[in-house]
Amino acid sequence: MLFSTGKSFLARFSLNISRNAKPIGLIANYCQVASALRPKKAKSTRKEAQYFSDAKRIRAIGGKGGDGCVSFLQLWCNERAGPDGGDGGHGGHVVFQASNDVRNFNHVGSVLKAEEGEPGSSKDCHGKNAKHSVIKVPIGTVIRNAQGQIVGDLGQADLMFVAARGGAGGKGNRFFTTDKETSPKVSEYGPRGEDLSYTLELRSMADVGLIGYPNAGKSTLLNALTRAKPKVAPYAFTTLRPHLGTVQYDDHVQLTIADLPGLVPDAHRNKGLGIQFLKHAERCTLLLFVLDASAPEPWTHYEQLMHELRQFGGRLASRPQLVVANKLDVEEGQNNFEELQRRLQNPVLGISAKMGHNLGQLLNSIRRGYDRHKDQPQESS
Amino acid sequence: MLKARNVCLLSRRWKSGAKKRWNVLQNKKNNCDRALENFDDFYGSVYGTRWKNMRAALLTRHKYVALVNNFGDTEQTCAMLESDGAINMKSLINLAQDRVKDSTETVPEQGKSRHEIESKLDALLRKQQEREVASIYPSSPEDGSSAPLPLELKFDNVEEDQPEQVNNPFKQSLTKALEEDVKLDEHRLVDPQFGTGGLYEYMPAHSIKGMEDWVAESEHYKYYQTSADFPLAIEPEPSFHYPEHLSLYTYEMGNCSDFKGPKKCMTGVLSHFMMDGASTLPPLFLQVKPGERVLDACASPGGKSLLMLQTLHLDHLVCNDIQESRLNKLRKVMQEYLFDYKERWAGKRLILSQSDARNLDQYEQFDKILVDVPCTTDRHVLNEQDNNIFKPTRIKERLRIPELQAGILANCLRLLRPGGSLVYSTCSLSPIQNDGVVHMALQKVFTEYGITTTIKDLSRHTALFSDVFKFEHPKGLKYGQMVVPYLPANFGPMYFSKITRNV
């Protein structure tokens, strides 16, 4: 009876929670902190995982300018009416514009090419200027060039960065007419646009970042807390790209939680895509350490993770933190939990993401940590 | 109706004879005028106030040197020349050597003011480029907007590949990079609140369509490069020996008398050969010794080859030239001055070869090489209309002559045996054809074939000839020495540089 299928057990357990805790919850909500609301909608039925792109390497190519025209006008009454070649049109720029409409770089392609200007034609007709290729990026995007230097910081709405300039239109032979040379046969070729490489980086990605060793249960935790659907599998590095989920509280505050790929020892030396994964952690405000309590010595995992954060960047280790011991439904997890609480200075919360144990307490702790960080003056970024 | 009227107009215009109008004839420029105009602009910038004296000397009659034929009546010819007042150059050199032994002079260091030549040529290049841009682009357009003109024109639509940027993987965190590596590009950031002017900046056009066969004059001035990215050593020449049997007669400085014409000797050859005095210096400084194989890469008309033969040190000489008519002229000179040309010299000790000097393939076989490359021949183009390189149809050939010269010199350096010597000479005052070509050739043989060379400094030995010639100050030259035109001693111009191939 107690050990029937997981679904029914979970349903009965949640029902028990709601029935027993309802009067106490009402009193607690009124005088303590906001409670996390359950999502009203069911999980999405889409098969593929929707990852979050917070850094992108692009190549921007400006449009070529149109060529100038060599032409001489012939009329009915004046068969040698002089030069009338038109100028070419300008090529388009590649422009990044900061906007609130987008949140990540999923929509930005790897090669961004602007349109070419049209060439000039006879009867002094200038070529058509090409439209600029405007790509919307989130507010707070930092643009690096190929040498790694920061050349753009789109920190406010509608700020634009011209990534690649287009070529100017070439002049037709009408432009080259002088008093001495009344019939020039020269014109200009339209030059090619700039061809440059950039790296777009997002300054801020999520409010909470789940940091831990590979196979510690971070994706399972995100799956349990939010409606996001990261891939869950019992092998290391199941997650290679960050996934985001949103938790809504009853005072209309939404917090985003990012499931980050796992960090291994020597990640700051780019072992196991470590640099890339540490950059994901840098874009989160609150760091939630997910420790595998069923591992042999989970307290050494915490020390190793702190070492990686310190080696990567000076300020990353001073972010507000929460420590969570996962997999308490296993017997080894429960045995290690007392030792873990004794060794770490920070308070450790024991949960089971798979079974759903103690998740309400976790959401309350997240909200409390976020509010405490919000009340402090903004020191970093 | 209109076309018939045009025909009438044309016939009337032809009838009047427009090509013979007085203003057309008055303003007509011939080849010498074009050459003089070019030299006034170019050499006036390079040589400054000294160009006026050189100009006067170039336009005045040439001064000659008589080379006595050792295969004829040597004693009688020498006696005749001395009775006319000529002086043997050997005695002048002996006097100069005695004077040098008494007082040891310090030769001024070379290359001290080399930057003056570089800055002058850079200024000349920039001025020439501005002139070319101004000749094509209209000035002060009708709308009054003065668009910035391109600094340099291109006449082909070959798109240069942009150099690939260095993709160094940056491993710093974002917060650390925001503190250290921020170099915001203000020209690319556009804030709509303060205007969208940054969106109207485009890449400028600089390629001209329709003038693909037009050769820019500024390309000629780019041949002078000074970045030495090959091992370069300049050493003084240790010794100089005037040949014992050579007799060169000249008048003293300021004397512009003429020599008598050559006469036939008892052996049937002519008594002496008239040549430019400065042309004797490259064969003399080549220092040919008995038993050496010698190549004269551009031999015609044969004065330098004949001088080397007159030293009586030569066992094997190869004379090369590109055209058969020039080789025929050389052969005629040899027949006139060597009485046993057909029996002993032709095909055995004197070999005539007709080929391009850039295509000679007898690599590392010659001990001494004399390279008298084709050049602008400054004195000839100012005085003669025929065979003038400043003809309008030969502009491309003239502007690209440093490439030809560098190709010939580079190939001759490959023909040289390791340890052998080469003398490069031109009849031009242009630094581009003199030091510029030597630099190009040395760089080419080092980068392509790994050949290293040593420049021999001849300044100490050219001082021996200062009673006869006027030399350019060593400060203005980098790799060689130059005889400049001078009214009392109207020889030259002749630039020569001695290069030794390292082992």
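Residues numbered from 1 in each chain as written. Chains lettered and ligands numbered in written order. Predicted model: local features only at pLDDT ≥ 70, side-chain atom pairs only at ≥ 80, totals over all residues. Heavy atoms only, no water.

The name given to chain B in an unreviewed UniProt entry is NOL1/NOP2/Sun domain family member 4, with the source organism recorded as Drosophila melanogaster.

Per an unreviewed UniProt entry, chain A carries the name Mitochondrial ribosome-associated GTPase 2 and comes from Drosophila melanogaster.

1. So, the overall build of chain B
If you tally the helices and strands in chain B, you get 18 helices and 15 strands. Buried residues in chain B amount to 48% of all 503 residues. Excluding contacts between residues fewer than 6 apart, the proportion of contacts in chain B whose partners are at least 24 apart in sequence is 80%. When the accessible surface of chain B is summed, it comes to about 25,700 Å², and 52% of that surface belongs to carbon and sulfur atoms. (Helix = DSSP H or I, 4+ residues; strand = E, 2+ residues; numbered from the N terminus. Buried < 20%, exposed > 50% of the residue type's maximum accessible area, 1.4 Å probe, protein only. Contact = heavy atoms within 4.5 Å. Areas by Shrake-Rupley, 256 points an atom, 1.4 Å probe, with all protein chains shown as cover.)

2. What about the overall build of chain A?
Looking only at helices and strands, chain A features 6 helices and 15 strands. Taken over 381 residues, chain A has a buried fraction of 49%. A separation threshold of at least 6 residues defines the contact pool for chain A, and within that pool the share at least 24 residues apart is 73%. Only carbon and sulfur atoms are counted for the fraction: they give 50% of the accessible area of chain A, which is about 19,500 Å².

3. Description of the interface of chain A and chain B
The partner chain B presents 50 residues to the 62 residues of chain A that form the contact. Summing the contributions of chain A and of chain B, the shared interface buries around 5,100 Å²; its carbon and sulfur component is 55%. Counting across the chain A and chain B interface gives 2 salt bridges. Close ionic contact of Arg 188 of chain B with Glu 194 of chain A constitutes a salt bridge, the shortest N to O distance being 3.2 Å. For the pair chain A and chain B, the interface holds 15 residue pairs in polar contact (both at pLDDT 80 or more). Elements with a contribution of two residues or more to the side of chain A that touches chain B: β5 (141-145), β6 (150-154), β7 (160-164), β8 (187-189), β9 (195-202) and α3 (274-282) of chain A. (Buried area = accessible area lost by both parts, 1.4 Å probe. Salt bridge = Lys/Arg side-chain N within 4 Å of Asp/Glu carboxyl O. Polar contact = N/O pair within 3.5 Å; in protein donor to acceptor, adjacent residues only side chain to side chain.)

4. Regarding the side chain of Asp 367 of chain B
Residue and element names in this part refer to chain B. Within the element layout of this structure, Asp 367 appears in strand β11 (residues 366-372). Of note is the side chain of Asp 367, whose polar atom sits 2.4 Å from the side chain of Arg 417. Setting aside anything within four residues of it in sequence, one finds Asp 367 in contact with Gly 291, Glu 292, Arg 293, Leu 416, Arg 417, Gly 420 and Ser 421.

5. Some remarks on the UniProt feature "binding site: S-adenosyl-L-methionine" (unreviewed entry) in chain B
All names here are of chain B. The UniProt record annotates "binding site: S-adenosyl-L-methionine" (unreviewed entry) at Asp 321, Asp 356 and Asp 372. For the annotated residues, spread through 52 residues, the largest C-alpha to C-alpha distance comes to 13.2 Å, consistent with a single compact locus. Counting through the fold element by element, Asp 321 comes out in strand β9 (residues 316-321). On the basis of relative accessibility, which here comes to 5%, the residue Asp 321 falls in the buried class. Excluding its chain neighbours within four sequence positions, the residues that come into contact with Asp 321 are Ala 297, Cys 298, Ala 299, Ser 300, Arg 326, Leu 327, Ser 353, Gln 354 and Ser 355. Checked against the element boundaries, Asp 356 lands in the loop between β10 (350-354) and β11. A relative accessible area of 18% places Asp 356 in the buried class. When near neighbours in sequence (up to four residues on either side) are disregarded, Asp 356 contacts Asn 320 and Ile 322. (UniProt positions renumbered as here; feature names shortened; annotations may be inferred.)

6. Looking at the pairing of strand β12 (residues 416-426) of chain B
All names here are of chain B. Burial analysis of β12 places 8 of its 11 residues in the buried class, the great majority of the element. Pairing geometry for β11 and β12, over 6 bridges, is parallel. Considered in β12, the bridge of Ile 369 is made with Leu 422. Inspection of the sheet shows β12 paired to strand β15 (residues 494-501) by 6 bridges, in the antiparallel sense. In the sheet register, Ser 421 faces β15, and the bridge partner there is Thr 500. (Pairing = 2+ DSSP bridges.)

7. Here's the deal with the sheet that holds β6 of chain A
All names here are of chain A. Ordered in space as β3-β1-β9-β5-β6, the 5 strands form an open sheet in which the pairing is mixed. Edge strands, defined here as strands with exactly one partner in the open sheet, are β3 (111-113) and β6. Each neighbouring strand pair of the sheet contributes to a mean axis angle of 25°, computed without reference to strand direction. Alignment of β5 against β6, held across 4 bridges, turns out to be antiparallel. Each residue of the ladder has a partner; that of Val 142, found in β6, is Asp 153. (Axes fitted to C-alpha atoms, helices over the stretch in contact; angles between N-to-C directions.)

8. Quick look at unusual backbone geometry
Cis rather than trans, the peptide bond between Ser 300 of chain B and Pro 301 of chain B has omega equal to 0°. Note the cis peptide between Gly 492 of chain B and Pro 493 of chain B, where omega equals 0°. Here Pro 493 of chain B lies in the loop between β14 (481-483) and β15. Positioned with a positive phi, Asn 358 of chain A is a non-glycine residue whose angle comes to about 65°. Within the element layout of this structure, Asn 358 of chain A appears in the loop between β15 (348-350) and α6 (359-375). Of note, Glu 364 of chain B is a non-glycine position whose phi angle comes to about 55°, a positive value. Here Glu 364 of chain B shows up in the loop between β10 and β11.

9. Comments concerning the pattern of salt bridges
Residues and elements named next belong to chain B. Overall, the coordinates contain 38 salt bridges over all chains when judged by the stated rule. Among the salt bridges present, the one from Asp 315 reaches Arg 349, with a minimum N-O distance of 3.9 Å. With Asp 315 in the loop between α11 (303-310) and β9 and Arg 349 in the loop between α13 (341-345) and β10, the pair connects residues that are 34 residues apart, well separated along the chain. Exposure remark for Asp 315: the relative accessible area of 37% places this residue in the partly exposed category.

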